[in-house]
Amino acid sequence: MLFSLLHPANGKPFMEVFLQQIINGLTLGSIYAIVALGYTMVYGIVQLINFAHGEVVMIGAMVALTVISSLAGANTGMPPLVIVLAGIACAVPVCMGVGYTMERVAYRPLRGAPRLAPLITAIGISIILQHLAMLIWSRNPLSFPQIIPNPVFEIAGANVSGVQIAIISLSALMMLGLTALVYRTRLGTAMRATSENPQVAGLMGVNINRVIASTFVIGAGLGAVAGVMVGTYYGIAHYTMGALLGLKAFSAAVLGGIGNLAGAMLGGILLGLVEALGAGYIGEFTDLCHVSWISTGLAERCAQDGHVVLMGSNYQDVFAFLVLIAVLVFRPSGLLGERVGDRA
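None of these values were measured; they are calculated from a predicted model. Sequence order sets the numbering: in each chain, residues are counted from 1 along the sequence as written. It should be noted that, the model being predicted, local features are given only for residues of pLDDT at least 70 and side-chain atom pairs only at 80 or more, the latter also being counted only at that level, while totals for whole chains, interfaces and linings use all residues. By convention in this description, side-chain values take in all heavy atoms of the structure and omit both hydrogens and water.

## Regarding the overall build of the protein chain
The helix and strand tally for the protein chain stands at 13 helices and four strands. Each residue is assigned to one of three classes by its accessible area relative to the maximum for its type, calculated with a 1.4 Å probe on protein chains only: buried under 20%, partly exposed between the two thresholds, exposed over 50%. The buried share among the 344 residues of the protein chain stands at 47%. A contact between two residues is defined here by any heavy atoms of the two lying within 4.5 Å. Contacts in the protein chain between residues far apart in sequence, at least 24 positions, make up 77% of those at least 6 positions apart. For the protein chain, the exposed surface amounts to about 16100 Å²; the carbon and sulfur share of it is 68%. Numbering of helices and strands runs from the N terminus, with a helix taken as a DSSP run of H or I at least four residues long and a strand as a DSSP run of E at least two residues long. In this description, accessible areas are obtained by the Shrake-Rupley approach with a 1.4 Å probe, and a residue is regarded as covered only by the protein chains that are shown.

Here is the structure:
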């Protein structure tokens, strides 16, 4: 049994498969981390879970898809990279506008209301944005334009695509940039002061409304880039794509410690790794042929089919929520906890 686990059915050695899943997990985790930052920033400032953030990511992907498809189909002669950058340049301000509008119209009037009211409002905004996207882009899955060559490199037997390298690198740069913004700029100081005590920060001259609006706008901008990453990586976009992605990113934020920037980054990376490793090995660990001796019928089926797998890689979405449940049970504050002074 141990030999078969170390040498999966695809014939690749254990380390090659393991390294491949690590690369896939880092790619997924980078996307989750960027989306989770939007959740954790808003929570750190106003103690609100913005469940509509996943739909902002979806809108970013859809806007970029529209721009890229239009430019690529118009035969403008623009280089593919410039076309993709143009799509991102259009998606970011649109998502920032959506984020500002949500804060100004839906959340600001409810700032002093009981916490259940803005939570329900966030769910309602999420549904509204989904249906608006369905009206604009249709209910059918759309193919995300793949106009940039995507070379594949081999590292120790594992394959790494150019898109994966770009996603991991860009995510790292955005994380570093956001950290510098929060801890090295006047806006970041105002954000941390507002997170610590909004009333006292207001008395000290901080414009609370502007700081909160800026938090929504920055998170929405990051979400727009994450949407383009998801569309480019999977090659498809859909008006419901933000729902599951948002839930996973929220799980990542809780895993690391909601309200904590470093926690959101760590939670996203860990969640991506757990999901990728689970998807890669769950089939091997749930292959009943390892215990075919317990039943004659099972032994005959194993001899005929080779494998009797209870759970395949299609169960990968389950792992995110299993991890979330485990964290909530054993460490409700998250892996890094919530450091009050650094929550923004």
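Having put the structure on the table, let's press on.
## Looking at the confidence of the model for the protein chain
Model confidence for the protein chain is summarised by a mean pLDDT of 85, while 84% of its residues fall at 70 or above. Think of pLDDT as the predictor's per-residue confidence, scored from 0 to 100. Across residues 1–9, where pLDDT falls below 50, the model places 15 contacts with residues more than four positions away in sequence or in other chains. Here residues 339–344 is a poorly scored stretch, pLDDT under 50, and it has 21 contacts once near neighbours within four places are set aside; other chains count.

## Focus on the environment of Ile136
With respect to the secondary-structure elements, Ile136 resides in helix α5 (residues 116–137). Note on Ile136: relative accessible area 60%, which makes it exposed. Sequence spacing of Ile136 and Met62 is 74 residues, and the spatial spacing of their C-alpha atoms is 9.5 Å.

## Section: the nonpolar core
Formed by 85 residues in total, the largest nonpolar core has its most connected members in Leu37, Met102, Tyr107 and Leu178. Beyond its immediate sequence surroundings of up to four residues, Tyr107 is in contact with Leu48, Asn50, Ala52, Met102, Pro118, Thr121, Ala122, Ile125 and Phe216. Take the buried Ala, Val, Leu, Ile, Met, Phe, Trp, Tyr and Cys residues and link them wherever side-chain atoms come within 4.5 Å; each set so joined is a nonpolar core.

## Here we look at the pairing of strand β2 (residues 152–155)
Any two strands with at least two DSSP-identified bridges between them are counted as paired. For β2 and strand β3 (residues 158–161), the ladder comprises four bridges, and the chain directions are antiparallel. Bridge pairing in β3 places Ile155 opposite Ala158. From the end of β2 to the start of β3, which pair antiparallel, there are two residues, and Ala156 there has a positive phi angle of about 55 degrees.

## Side note on helix α13 (residues 316–330)
To estimate the expected span of a helix, subtract one from its residue number and multiply by 1.5 Å. Across its 15 residues, α13 extends 22 Å between first and last C-alpha, which sits within 8% of the 21 Å expected from 1.5 Å per residue. What α13 keeps buried is the set Phe319, Ala320, Val323, Leu324 and Val327. Seen end-on, α13 carries its buried residues on one side only, within an arc spanning 135 degrees. Structural note: α13 exposes Ile325 and Val329 on the side pointing more than 90 degrees away from its buried face. Here the arc refers to the directions that run from the helix axis out to each C-beta atom.

## Section: the side chain of Ser161
With respect to the helices, strands and loops of the structure, Ser161 is situated in strand β3. Judged by its relative accessible area of 11%, Ser161 falls in the buried class. Excluding its chain neighbours within four sequence positions, the residues that come into contact with Ser161 are Asn150, Pro151 and Val152.

## Looking at unusual backbone geometry
The phi dihedral of Gln47 falls on the positive side, at around 55 degrees, and the residue is not glycine. Within the secondary structure layout, Gln47 lies in the loop between α2 (14–46) and α3 (53–73). Here Gln47 falls in the partly exposed class, since its relative accessible area comes to 24%. At Ser138, a residue that is not glycine, the phi angle is positive and equals roughly 80 degrees. Tracing the backbone through its elements, the reader meets Ser138 in the loop between α5 and β1 (142–143).

## Considering the packing of aromatic side chains
Side-chain rings of Phe, Tyr and Trp (the six-membered ring for Trp) are treated as a pair once their centres are within 6.5 Å; stacked means planes under 30 degrees apart, edge-to-face means over 60, and tilted covers the remaining angles. Enumeration over the complete set of coordinates arrives at four aromatic pairs. An angle of 70 degrees between the planes, with centres 5.0 Å apart, marks the rings of Tyr233 and Tyr234 as edge-to-face. For Tyr233, a relative accessible area of 23% translates into the label partly exposed. Here a set of aromatic residues connected by ring pairs shows up, and it is made of Tyr39, Phe51 and Phe250.

## Examining a nonpolar patch on the surface
On the surface, Tyr315, Val318, Leu322, Ile325, Val329 and Phe330 cluster together into a nonpolar patch covering about 630 Å² of accessible area. Considering the arrangement of structural elements, one finds Leu322 in helix α13. The residues that make up patches have over 30% relative accessible area and no salt bridge, and they are joined within 9 Å when like-charged or within 5 Å when they are Val, Leu, Ile, Met, Phe, Trp or Tyr. Here a salt bridge means any side-chain nitrogen of Lys or Arg lying within 4 Å of a carboxyl oxygen belonging to Asp or Glu.

## Let's talk about the pattern of salt bridges
Within this structure, the stated rule accounts for three salt bridges. Among the ionic pairs, Glu103 bridges to Arg108, the shortest N-O distance being 3.0 Å. Exposure class is identical for Glu103 and Arg108. Each is buried. Among the ionic pairs, Glu275 bridges to Lys248, the shortest N-O distance being 3.1 Å. Taken as a pair, Glu275 in helix α11 (residues 261–285) and Lys248 in helix α10 (residues 241–256) lie far apart in primary sequence, 27 residues in all. Judged by relative accessible area, Glu275 falls into the buried class, the value being 1%. Through salt bridges with shared partners, a single ionic network connects Glu103, Arg108 and Arg111.

## Details of the environment of Ala213
Mapped onto the elements, Ala213 comes out in helix α9 (residues 208–234). If we ignore the near neighbours within four places in the chain, the residues touching Ala213 are Tyr100, Glu103 and Arg108.

## Looking at the side chain of Lys248
In this structure Lys248 comes out as buried when scored by relative accessible area, which is 5%. N or O atoms closer than or at 3.5 Å make up a polar contact, with two conditions inside protein: a donor-capable atom paired with an acceptor-capable one, and, for residues adjacent in sequence, both atoms drawn from side chains. A distance of 3.3 Å separates the side chain of Lys248 from the side chain of Tyr32, its partner in a polar contact. Within the local environment of Lys248, its side chain forms a polar contact with the side chain of Glu275, the two groups lying 3.1 Å apart. Sequence-distant contacts of Lys248, defined by excluding residues within four places in its chain, comprise Tyr32, Leu271, Glu275, Asp317 and Ala320.

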